[in-house]
Amino acid sequence: MAGSDALRAIPSVDKILSCSELQPALEEYGRARCTEEIRKVLAALRDAVTNSTECDIPDSASIANQVIAELSARNEDTLVPVLNLTGTVLHTNLGRAYLPEKALEAVTRIARGASNLEFQLDSGIRGDRDEHIASLLTELTGAESVTVVNNNAAAVLLCLNTLAEGREVCISRGELVEIGGSFRIPEVMAKSGCNLAEIGATNRTHRDDYVKAINEQTGLLLKVHTSNYEIRGFTNEVSYDDVAALSREYSVPFMADLGSGTLVNLEDYGLAHEPTVQEVLSAGADVVTFSGDKLLGGPQAGIIAGRKELIDRIKQNPLKRALRVDKMTMAALTEVLKLYLNPEKLIEELPTLAFLSRSREDIASTAEAMLPVFESALQGIANVAVIDSQSQIGSGALPLDQLPSCAIEITPIDGSDSALRKLVSAFRNLPTPMIGRMQDGRLLFDLRTVTNVDAVATQLKNLGGQ
Ligand SMILES: *Cc1c(COP(=O)(O)O)cnc(C)c1O
């Protein structure tokens, strides 16, 4: 068929709307969306007919099926759970910390309906959402006061803007970090309206460099945790204690951005020491900022702890309103903080800490249990073995620290790069995508953050169909 005959043969919108194939879609997506999609499909068909000399016109049923396919493709979730087998526990691109069970329950409980988020039940007057975490956080950190915003980048921006807008902020050249995803201290400084006063050299900064830089324009002394790098060799850094002493001597507030920030001594969990929020506050920092979803193991948030007078000013900044957290974050954060009140049980209940302190032996036994599952799924395609591996904390905590771990090593039998890529992509296209890391022609699945052998086994049944 061709030309006007063909155009006339195209079924009408109404005909397709009433055809039986389309009825379930009408129920699921509604009449308006279906009609719109039918119009689009028919318009494309009309174009095709107009531009060709010979054309088969599909019947109503096949047009309906095409409409359904388009609608369901667009309805597919783009945000889905994955298995993090990269060996990086706090993987920013994979959503960082896993929330503990109690936090998940609290989120559903609070998000389902109304709550007293900003309402004081005893007096019946308007409340402050920060009150839900204030007493927990002051108890845990020793700070006079606290507030919480959307993430730590927001916390840094808000503190700088409140404490030093239009003034100079002294920071060591060795601490001008860039965190992945375009968070750079000099740029945040500019956006917050502060003037960066770089001091010292990249590898060495001394007390005297602060003394020389401080003048009547100075609004803040800032120390930033060098989260994702380490300066080694001929180095010198001015300690939190010494910057705090300078801050008192010259009456300039001192802010410390801890980045990951932790409330526990990581050495108790077999990890290297990271300065805790408590230590930095008791060293004399006036304000400390840290993330909620890095080492703390909670929801995305930025926590600001410090002297009451400064926190009050920070809370009055109109930017605080723009950066505040929602009730779900509050609910989750409260539960996570409550776990810290009982350090003995913390490791059982907080997934982040459980993963970070998991022994190589324990991971190895998971790997051995999983090996046959992988072997049978990949028979004739790849060789599989259990190997030693190194995991990382991730998200800018102890960047050079390697945690001894175990991985499933998958090597394509033909050893080719294309076979490897095909495998990687097959694992990535599973119902629950499995994300590992490629290294020297092999795919590695580090098992530090995975304990459920059965879940992986069920997954791998789907691999055959790829
Ligand atoms: C991670 C990090 C930030 C940003 O924190 P987010 O919670 O990702 O916004 C800021 N400063 C330092 C030093 C960090 O490590």
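**Observations regarding the sheet that holds strand 9 (residues 287-291)**
- Pairing within the open sheet is mixed, and its 7 strands lie in the order 2-10-9-8-7-3-6. The strands lining the two open edges of the sheet, one partner per strand, are strand 2 (145-149) and strand 6 (195-199). Looking at each pair of strands side by side, their axes are set apart by 25 degrees on average, direction ignored.
- Of the strand pairs in this sheet, strand 3 (residues 168-172) and strand 6 are connected by 5 bridges, and their pairing is parallel. Paired with Cys 170 across the bridge in strand 6 is Ala 197.

**Focus on the packing of aromatic side chains**
- Here the structure, examined in full by the defined rule, presents 5 aromatic pairs.
- Joined through ring pairs, the aromatic side chains of Phe 374, Phe 427 and Phe 445 make up one cluster.
- Cation over ring: Arg 204 sits above Phe 234, and NZ or CZ is 3.8 Å from the ring centre.
- Its guanidinium or amino end placed over the ring of Tyr 240, Lys 223 lies 5.3 Å from that ring's centre, counting from NZ or CZ.

**Considering the nonpolar core**
- Leu 221, Val 288, Phe 290, Leu 296, Leu 337 and Tyr 340 are the most contacted members of the largest nonpolar core, which totals 61 residues.
- If one sorts the elements of this core by residue count, helix 15 (residues 327-340) sits on top with 7 residues.
- When we break this core down by domain, the ones giving at least three residues each are domain 2 (83-90 + 356-465) and domain 3 (101-349).
- For Phe 290, the contacting residues outside a window of four places in its chain are Leu 137, Asn 152, Leu 258, Gly 259, Ser 260, Gly 261, Leu 263, Val 277, Leu 296, Ala 301, Gly 302 and Ile 303.
- Membership of the second largest hydrophobic core comes to 29 residues, among which are Leu 371, Phe 374, Val 384 and Cys 406.

**A word on helix 19 (residues 417-428)**
- Its 12 residues give helix 19 an end-to-end C-alpha distance of 16 Å, which sits within 8% of 16 Å, the value for a rise of 1.5 Å per residue.
- Within the span of helix 19, buried status applies to Ala 419, Leu 420, Leu 423, Val 424, Ala 426 and Phe 427. Down the axis, helix 19 shows its buried residues gathered within 160 degrees of arc, on one side only. Within helix 19, the exposed residues directed more than 90 degrees away from the buried face are Ser 418 and Lys 422.

**Considerations on the domain arrangement of the protein**
- Once the domains are mapped, the protein shows domain 1 (3-75), domain 2 (83-90 + 356-465) and domain 3 (101-349).
- Computed over C-alpha atoms, the centres of domain 1 and domain 2 are 44 Å apart.

**Structural notes on the pattern of salt bridges**
- If you walk through the whole model with that rule in mind, you get 30 salt bridges.
- Its salt-bridge partner being Lys 315, residue Asp 128 comes within 2.6 Å of it at the nearest N-O pair. Residue Asp 128 is located in the loop between helix 6 (101-111) and helix 7 (131-141), and its partner Lys 315 is located in helix 13 (residues 308-316); the two are separated by 187 residues in the primary sequence.
- On the accessibility criterion, Lys 315 (26% relative accessible area) is partly exposed.
- For Arg 360, the salt bridge identified is with Asp 388, shortest N-O distance 2.4 Å. Of this pair, Arg 360 sits in helix 18 (residues 360-377) while Asp 388 sits in strand 11 (residues 382-391), placing them 28 residues apart in sequence.
- Salt bridges sharing common partners tie together Glu 118, Arg 126, Arg 129 and Arg 324.

Cut-off values and rules
- Residues numbered from 1 in each chain as written.
- Predicted model: local features only at pLDDT ≥ 70, side-chain atom pairs only at ≥ 80, totals over all residues.
- Heavy atoms only, no water.
- Pairing = 2+ DSSP bridges.
- Helix = DSSP H or I, 4+ residues; strand = E, 2+ residues; numbered from the N terminus.
- Axes fitted to C-alpha atoms, helices over the stretch in contact; angles between N-to-C directions.
- Phe/Tyr/Trp six-rings, centres within 6.5 Å; stacked < 30°, edge-to-face > 60°.
- Lys NZ or Arg CZ within 6 Å of the ring centre and 35° of its normal.
- Core = buried A, V, L, I, M, F, W, Y, C linked by side-chain atoms within 4.5 Å.
- Buried < 20%, exposed > 50% of the residue type's maximum accessible area, 1.4 Å probe, protein only.
- Domains from an automatic or database assignment.
- Contact = heavy atoms within 4.5 Å.
- Expected span 1.5 Å × (residues − 1).
- Arc of directions from axis to C-beta.
- Salt bridge = Lys/Arg side-chain N within 4 Å of Asp/Glu carboxyl O.

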